[in-house]
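# Reading the structure
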Amino acid sequence: QVPLVESGGGLVQAGGSLRLSCRASVRIYSSHFVAWFRQAPGKEREYVGAMRWGRRSTYYADFAKGRFTISRDNAETTVYLQMDNLTPEDTAVYFCALPGKSGYDWVDSRAYDTWGQGTQVTVSS
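Rules used throughout
Residues numbered from 1 in each chain as written. Predicted model: local features only at pLDDT ≥ 70, side-chain atom pairs only at ≥ 80, totals over all residues. Heavy atoms only, no water. Helix = DSSP H or I, 4+ residues; strand = E, 2+ residues; numbered from the N terminus. Buried < 20%, exposed > 50% of the residue type's maximum accessible area, 1.4 Å probe, protein only. Contact = heavy atoms within 4.5 Å. Core = buried A, V, L, I, M, F, W, Y, C linked by side-chain atoms within 4.5 Å. Pairing = 2+ DSSP bridges. Axes fitted to C-alpha atoms, helices over the stretch in contact; angles between N-to-C directions. Phe/Tyr/Trp six-rings, centres within 6.5 Å; stacked < 30°, edge-to-face > 60°. Lys NZ or Arg CZ within 6 Å of the ring centre and 35° of its normal. Disulfide = S-S within 2.5 Å. Lys, Arg positive; Asp, Glu negative; His and termini not counted. Salt bridge = Lys/Arg side-chain N within 4 Å of Asp/Glu carboxyl O. Polar contact = N/O pair within 3.5 Å; in protein donor to acceptor, adjacent residues only side chain to side chain.

## Some thoughts on the environment of Val-12
Checked against the element boundaries, Val-12 lands in strand β2 (residues 10-13). For Val-12, a relative accessible area of 14% corresponds to the buried category. Taking C-alpha positions, Val-12 is 23 Å from Arg-72, a pair spaced 60 residues apart along the chain. Residue contacts for Val-12: discarding those within four places in its chain leaves Ser-17, Leu-18, Leu-86, Thr-122, Val-123 and Ser-124.

## What to know about the nonpolar core
Counting 27 residues, the largest nonpolar core has Trp-36, Phe-68, Leu-81, Met-83 and Tyr-94 as the members making the most contacts within it. If you list the elements that add at least two residues to this core, you get β3 (18-24), β4 (33-39), β5 (46-52), β7 (68-72), β8 (78-83), β9 (92-99) and β11 (119-124). Look past the residues within four positions of Tyr-94 in its chain and what remains in contact with it is Glu-6, Leu-20, Trp-36, Phe-37, Arg-38, Val-48, Phe-68, Leu-81, Met-83, Gly-118, Thr-119 and Val-121. Among the nonpolar cores identified, the runner-up in size contains 9 residues, and Phe-33, Ala-35, Phe-37 and Ala-50 belong to it.

## A short note on the sheet that holds β3
Ordered in space as β1-β3-β8-β7, the 4 strands form an open sheet in which the pairing is antiparallel. The open sheet has two edge strands with one neighbour each: β1 (4-7) and β7. Strand-to-strand, the axes of this sheet are offset by a mean angle of 15°, without reference to chain direction.

## Focus on the packing of aromatic side chains
Following the criterion strictly, the structure yields 10 aromatic pairs and no others. Both rings, one in Phe-63 and one in Phe-68, keep their centres 6.2 Å apart while their planes meet at 90°; by these two values the pair is edge-to-face. Looking at Phe-63, the relative accessible area reads 24%, which means it is partly exposed. These aromatic residues form a ring-pair network of at least three members: Phe-33, Phe-37, Tyr-47, Tyr-59, Phe-95, Trp-106, Tyr-112 and Trp-115. Lying over the aromatic face of Tyr-80, Arg-19 brings its terminal NZ or CZ to 4.1 Å of the ring centre. Against the face of Phe-95 rests Arg-45, its NZ or CZ located 3.9 Å from the ring centre.

## Here's the deal with the state of the cysteines
One pass over the structure, following the stated rule, counts 1 disulfide. Bridging Cys-22 to Cys-96, the disulfide has an S-S length of 1.9 Å. Handedness of the Cys-22-Cys-96 disulfide follows from its S-S torsion of about 65°: it is right-handed. Of this pair, Cys-22 sits in strand β3 while Cys-96 sits in strand β9; the two residues are 74 residues apart in sequence, bridging distant segments of the chain. We note that Cys-22, like Cys-96, is buried.

## Describing the side chain of Asp-73
Inspection of the secondary structure assignment puts Asp-73 in the loop between β7 and β8. Buried and unpaired, Asp-73 has Arg-72 as its nearest opposite-charge partner, separated by 5.9 Å. In terms of polar contacts, Asp-73 uses its side chain to reach the backbone amide nitrogen of Thr-78, at 3.0 Å. Beyond its immediate sequence surroundings of up to four residues, Asp-73 is in contact with Arg-56, Thr-78 and Tyr-80.

## Structural notes on the pairing of β5
Across the 7 residues that make up β5, a large majority, 5, are buried. The sheet contact formed by β5 and strand β6 (residues 57-60) spans 4 bridges and is antiparallel. Note that in β6 the partner of Arg-52 across the bridge is Ser-57. Here β5 folds back onto β6 in antiparallel fashion, the turn holding 4 residues, of which Arg-56 has a positive phi close to 60°.

Next up, the structure:
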């Protein structure tokens, strides 16, 4: 069983919105940072934001602040990424991830060892 499955990507016009979902089939511990990353063609994977699971506290990259919102369901199996006021620069494959490697900052993709397959977001101008 795939531990993380993203969905909700698609094609949207600039200024539009999308809500991505990441369904987990593994236990998420309260101390975990459940993160969203994105990767555009030819670019490195980029931190988008994260939720500290137990506290439900959220953290965002500067480009995401005020436009993106991370939330989760009460069943504690799905984390969402609501993206508003999208721009063509937001075009990328979006991934959710669970941490598993020590020694890295939690905004560093190297801290994460469980990844979903990604979902494509394309924003047209």
